[in-house]
Amino acid sequence: MVARTTKVGQRFAIGERVCKRYRLGDTRTIPPRRGVVKEVVEEEKKMKNRAPFKAYSYQILWDGSRSLSLHAQQALRSLEND
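Residue indices follow the written sequence of each chain, beginning from 1 at its first position. Side-chain atom pairs in this predicted model are given and counted only at pLDDT of 80 or more, local residue features only at pLDDT of at least 70, and totals for whole chains, interfaces and linings cover all residues. The side-chain values count all of the structure's non-hydrogen atoms but skip hydrogen atoms and water molecules.

1. Some thoughts on the pairing of strand E4 (residues 68-72)
Short version of the rule: Here the rule is simple: two strands pair whenever DSSP picks up at least two bridges between them. The way it works is that DSSP assigns letters per residue, a run of H or I at least four long becomes a helix, a run of E at least two long becomes a strand, and they are numbered from the N terminus.
Pairing of strand E3 (residues 53-62) with E4, which is carried by five bridges, proceeds in the antiparallel orientation. Residue pairing for E4: Gln 59 is matched across the bridge by Leu 70. Between E3 and E4, which pair antiparallel one after the other, the connecting turn spans five residues, and Gly 64 there sits at a positive phi close to 80 degrees.

Below is the structure:
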């Protein structure tokens, strides 16, 4: 039996500090984007030939910004564990 190392389900709580992940290209020139989770959006997705599953998105208030932006869970990383 293989042990899971990643958390399944909702990863971030309201008020938690997060950082945006950059996966494409050279990221050394892009300054890190940090913010606070303001709202959790949970939706159930249904796909053909697959069981329904829950997908989590988060409304993030970035540092230096006044408006919220919606991001998928896999695009964010926790700053509290760094």
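2. Focus: the sheet that holds strand E1 (residues 17-20)
Across a sheet, strands are paired by hydrogen bonds formed along the backbone, either parallel or antiparallel in direction. Quick note on the threshold: Axis geometry follows a simple rule: fit a line to the C-alpha atoms, using only the stretch in contact for helices, then measure angles between N-to-C directions, giving values from 0 to 180 degrees.
Sheet architecture is open: five strands sit in the order E4-E3-E2-E1-E5, paired in antiparallel fashion. The strands lining the two open edges of the sheet, one partner per strand, are E4 and strand E5 (76-78). On average, each strand axis in the sheet is tilted by 45 degrees relative to the strand beside it, whichever way the strands run. As paired elements, E1 and E5 share three bridges and run antiparallel to each other. Bridge pairing in E5 places Val 18 opposite Ser 78.

3. Side note on the pairing of E1
The sheet contact formed by E1 and strand E2 (residues 34-45) spans three bridges and is antiparallel. When the sheet's bridge partners are listed, Arg 17 is paired in E2 with Val 36.

4. Brief notes about the pattern of salt bridges
We count it as follows: By salt bridge we mean one thing: a side-chain nitrogen of Lys or Arg within 4 Å of a carboxyl oxygen of Asp or Glu. To sort residues, take the accessible area from a 1.4 Å probe on protein chains only and compare it with the maximum for the residue type: under 20% means buried, over 50% means exposed, and anything in between is partly exposed.
According to the stated counting rule, one finds two salt bridges in the structure shown. The salt bridge partner of Asp 63 is Arg 17, with a shortest N-O separation of 3.0 Å. Here Asp 63, found in the loop between E3 and E4, pairs with Arg 17, found in strand E1; they are 46 residues apart in sequence, far enough to count as distant. With a relative accessible area of 46%, Asp 63 lands in the partly exposed category. Here Arg 17 falls in the partly exposed class, since its relative accessible area comes to 27%. Measuring nitrogen to oxygen at the nearest pair gives 3.6 Å for the salt bridge that ties Lys 54 to Glu 42. Taken together, the positions of Lys 54 in strand E3 and Glu 42 in strand E2 put the pair 12 residues apart, joining distant regions of the chain. By relative accessible area, which is 51% here, Lys 54 ends up exposed.

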